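# Residue-level structural notes
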Amino acid sequence: MTRSAASNPAPFYPIGTPGQAWGPAEMARWRARQQRLRSHADDVLRALDRLREHLDVLTYGELEYGEERYPLHAVRLGDWPSDRPAVLVTGGVHGYETSGVHGALHFLEHHAHTFADRVRLLVVPCVSPWAYERIQRWNYHAVDPNRSFRHPSPAPEAAALMSLVEPWKGQFLAHVDLHETTDTDESEYRPAKAARDGEPFEPGSIPDGFYLVDDTENPQPDFQRAILAAVEQVTHIAPADANGDIIGSAAVDRGVIRYPLRELGLCAGMTGARYTTTTEVYPDSPLVTPDQCNRAQAVAVDAAIRFVLGNA
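Residues numbered from 1 in each chain as written. Predicted model: local features only at pLDDT ≥ 70, side-chain atom pairs only at ≥ 80, totals over all residues. Heavy atoms only, no water.

## Considerations on the overall build of the protein chain
Check the secondary structure of the protein chain and you find 8 helices and 12 strands. For the protein chain, the C-alpha radius of gyration of 19 Å lies close to 20 Å, the compact-globule estimate for 312 residues. Dimensions of the protein chain along its principal axes, counting C-alpha atoms only, are 55 × 50 × 35 Å. The buried share of the protein chain, taken over its 312 residues, is 54%. Of the contacts made within the protein chain by residues no fewer than 6 positions apart, 76% connect residues no fewer than 24 positions apart. As displayed, the protein chain has an accessible area near 13,200 Å², and 48% of this comes from carbon and sulfur atoms. Averaging the coordinates of the 29 positive side-chain charges in the protein chain and doing the same for the 42 negative ones gives two points 2 Å apart. (Helix = DSSP H or I, 4+ residues; strand = E, 2+ residues; numbered from the N terminus. Rg over C-alpha atoms; globule rule 2.2 N^0.38 Å. Buried < 20%, exposed > 50% of the residue type's maximum accessible area, 1.4 Å probe, protein only. Contact = heavy atoms within 4.5 Å. Areas by Shrake-Rupley, 256 points an atom, 1.4 Å probe, with all protein chains shown as cover. Lys, Arg positive; Asp, Glu negative; His and termini not counted. Charge placed at Lys NZ, Arg CZ, Asp CG, Glu CD.)

## Considerations on the confidence of the model for the protein chain
When pLDDT is averaged across the protein chain, the result is 95; 96% of the residues are at 70 or more. Of the regions scoring below 50 in pLDDT, residues 4–8 engages in 8 contacts with residues more than four places distant in sequence or in other chains. (pLDDT = per-residue confidence, 0-100.)

## Brief notes about the environment of Phe223
Mapped onto the elements, Phe223 comes out in helix H7 (residues 221–231). Considered as a pair, Phe223 and Val308 are 85 residues apart in the sequence and their alpha carbons are 8.2 Å apart. Residue contacts for Phe223: discarding those within four places in its chain leaves Tyr275, Thr276, Thr277, Ala304, Phe307 and Val308.

## Quick word on the nonpolar core
If you look at the biggest cluster of nonpolar residues, it comprises 49 residues, and the most contacted ones within it are Leu48, Phe107, Leu121, Phe210, Val231 and Ile305. Among the nonpolar cores identified, the runner-up in size contains 37 residues, and Tyr13, Ala142, Leu164 and Phe172 belong to it. (Core = buried A, V, L, I, M, F, W, Y, C linked by side-chain atoms within 4.5 Å.)

## What about helix H6 (residues 184–197)?
Each α-helix winds once per 3.6 residues, and so residues spaced three or four apart point in a common direction. Its 14 residues place the ends of H6 18 Å apart at the C-alpha level, agreeing with the 20 Å of an ideal helix rising 1.5 Å per residue. Arg190 marks the point of greatest bend in H6, at about 25 degrees, and the proline Pro191 comes within the next four residues. Among the residues of H6, Asp185, Glu186, Glu188, Tyr189, Pro191, Ala192, Ala194, Ala195 and Arg196 are the ones counted as buried. On its buried face, H6 sits against helix H1 (24–33) and strand S7 (205–207). Gly198 lies just past H6 and shows a positive phi near 70 degrees. (Expected span 1.5 Å × (residues − 1). Bend = angle between axes of the 7 residues up to and from the residue.)

## Describing the sheet that holds strand S12 (residues 275–281)
Reading across the sheet, the 8 strands line up as S2-S3-S5-S4-S6-S12-S8-S11 and stay open at both edges, with mixed pairing between neighbours. Of all strands in the sheet, those bounded by a partner on one side alone are strand S2 (56–65) and strand S11 (256–259). Recorded for the sheet is a direction-independent mean angle of 20 degrees between the axes of neighbouring strands. Relative to S12, strand S8 (residues 211–215) runs antiparallel, the two sharing 3 bridges. Residue pairing for S12: Tyr211 is matched across the bridge by Glu280. Contacts between helix H5 (residues 156–165) and the sheet are confined to S2, strand S3 (68–77), strand S4 (86–91), strand S5 (120–124) and strand S6 (172–180), with S2 contributing the most and set at about 150 degrees to the helix. Sitting on the sheet, H7 is in contact with S8, S11 and S12, with an inclination near 40 degrees to S12. (Pairing = 2+ DSSP bridges. Axes fitted to C-alpha atoms, helices over the stretch in contact; angles between N-to-C directions.)

Below, the structure written as structure tokens:
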């Protein structure tokens, strides 16, 4: 089942002129529309403070947007002996994808201790705190951080994360990047992108359920299947549409599509890890609750690590 927007296309985005890319004035108008709707300090930093007794919380940078400052935090598990496989978990690359952030925190609170003496684990729960507070895909500069994992990066969020992992580049065996696909992708963010870039908006559809994005250049079907088998105990898996696609890409397996991760500058492609995946939870389904979405993300990470340990 997919939830189609084609029969009710969104009107042209209310900023800009059709066919013309945004300039500074349009960027300023877009930024003025972004309102702070929740607190990174309350939701994320307080949760990390509760974990400090058992986990190593690192500050790896700070975002400076206007008069606002956002510390960037990562959590490291254990003493990192070099003979253990290293795993990276990232959430909140898109700040509006709530379960990516809270799923990472749920994993840290309820699952991470299981692997304390088995893996080197680095978790970054909220890569994009400014966007998290505004429930927004883009950063302050209307740049998508998840198309910006390249050098030089146009997104400070991506640049800071790449700097964090640089000392361990080549050591990560797995990277799980936690995302959501929401109804607002069609109602807000794709229309905004079309307007920003001076392109026509073409309505699409949103898959109802959980799915994964594998790497076209390094497919790992058994890894994806192991994650889906675990997640299916928590939430339903998105079926392909009538064309055999999930969100416009060919389903290469049940609940799996593939993108060229590094070519597109996606977060999951930045480490060159053998096992990579991008999770996609669908929080707007009538069949799930926010808690299920968070647990699905945490279970996906748990299953990914267990697969890695069984195949290292």
